[in-house]
Amino acid sequence: MLARAARGQGFRSAAAVSGVPEDTVRDRLRRFRSSAAGVREHFTRLAGALAVDPVPLDPAGSVLGDAVVAVAAAAAAAAGRWPALAVSPWELAAVVTAGSLLSPSVVFRPARGDTLRSALG
């Protein structure tokens, strides 16, 4: 849903594709947009800390898009650092934000390598 919205898809079509009620998708996107700048900042730093050879992230054209790109980059960096790690970007985001990614107040866990690895199991 977040990735679809970042690519410009509206909440109605994202809801239809995902099978989630439109009101739910609209509310989740509104909450995510309100915290997207902080999500982008945190996950960009996490990607830089985890990557073997960090590279700057290209702008995605919106704050929401930049946040989605940063979450994906952090997941790719984690997978590069720990090849056996098999989690999606959204599973990583759930761990790093203690399940609060779509809540009104996003909470970020400390993102040190050993802490992250043990949290991901």
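All values reported here derive from a predicted model rather than from experimental measurement.

Caption draft 1: Molecular detail of the nonpolar core. Among the nonpolar cores identified, the biggest contains 29 residues, and F32, V39 and F43 are the most heavily contacted of them. Counting only elements with at least two residues in this core, the list comes to α1 (2–6), α2 (11–18), α3 (22–50), α4 (63–81) and α5 (89–96). In terms of residue count, the dominant contributor to this core is α4 (10 residues). Discounting residues that sit within four places of it in the chain, F43 has contacts with A70, V71, A74, A93, V96, T97 and F108.

Caption draft 2: How the structure looks around unusual backbone geometry. Backbone geometry places A98, a non-glycine residue, at a positive phi of 55°. Its place among the elements puts A98 in the loop between α5 and α6 (113–120).

Caption draft 3: Summary view of the side chain of S35. For S35, the location among the structural elements is in helix α3. Setting aside anything within four residues of it in sequence, one finds S35 in contact with L101 and V106.

Caption draft 4: Representation of the packing of aromatic side chains in the model. Going through the model one piece at a time under the given rule, you end up with 1 aromatic pair. With 6.5 Å between their ring centres and 70° between their planes, F43 and F108 make a pair best called edge-to-face. On the criterion of sequence distance, the pair formed by F43 in helix α3 and F108 in the loop between α5 and α6 is long-range, its members being 65 residues apart. Residue class for F43 comes out buried when judged on its relative accessible area of 0%. According to the relative accessible area criterion, F108 is partly exposed, its value standing at 29%.

Caption draft 5: How the structure looks around α5. Those residues of α5 that fall on the buried side of the exposure criterion are L92, A93, V95 and V96. Buried positions in α5, seen along its axis, are confined to an arc of 160° and lie on one side of it. At the exit of α5 stands A98, carrying a positive phi of roughly 55°.

About the criteria used
- Residues numbered from 1 in each chain as written.
- Predicted model: local features only at pLDDT ≥ 70, side-chain atom pairs only at ≥ 80, totals over all residues.
- Heavy atoms only, no water.
- Core = buried A, V, L, I, M, F, W, Y, C linked by side-chain atoms within 4.5 Å.
- Buried < 20%, exposed > 50% of the residue type's maximum accessible area, 1.4 Å probe, protein only.
- Helix = DSSP H or I, 4+ residues; strand = E, 2+ residues; numbered from the N terminus.
- Contact = heavy atoms within 4.5 Å.
- Phe/Tyr/Trp six-rings, centres within 6.5 Å; stacked < 30°, edge-to-face > 60°.
- Arc of directions from axis to C-beta.

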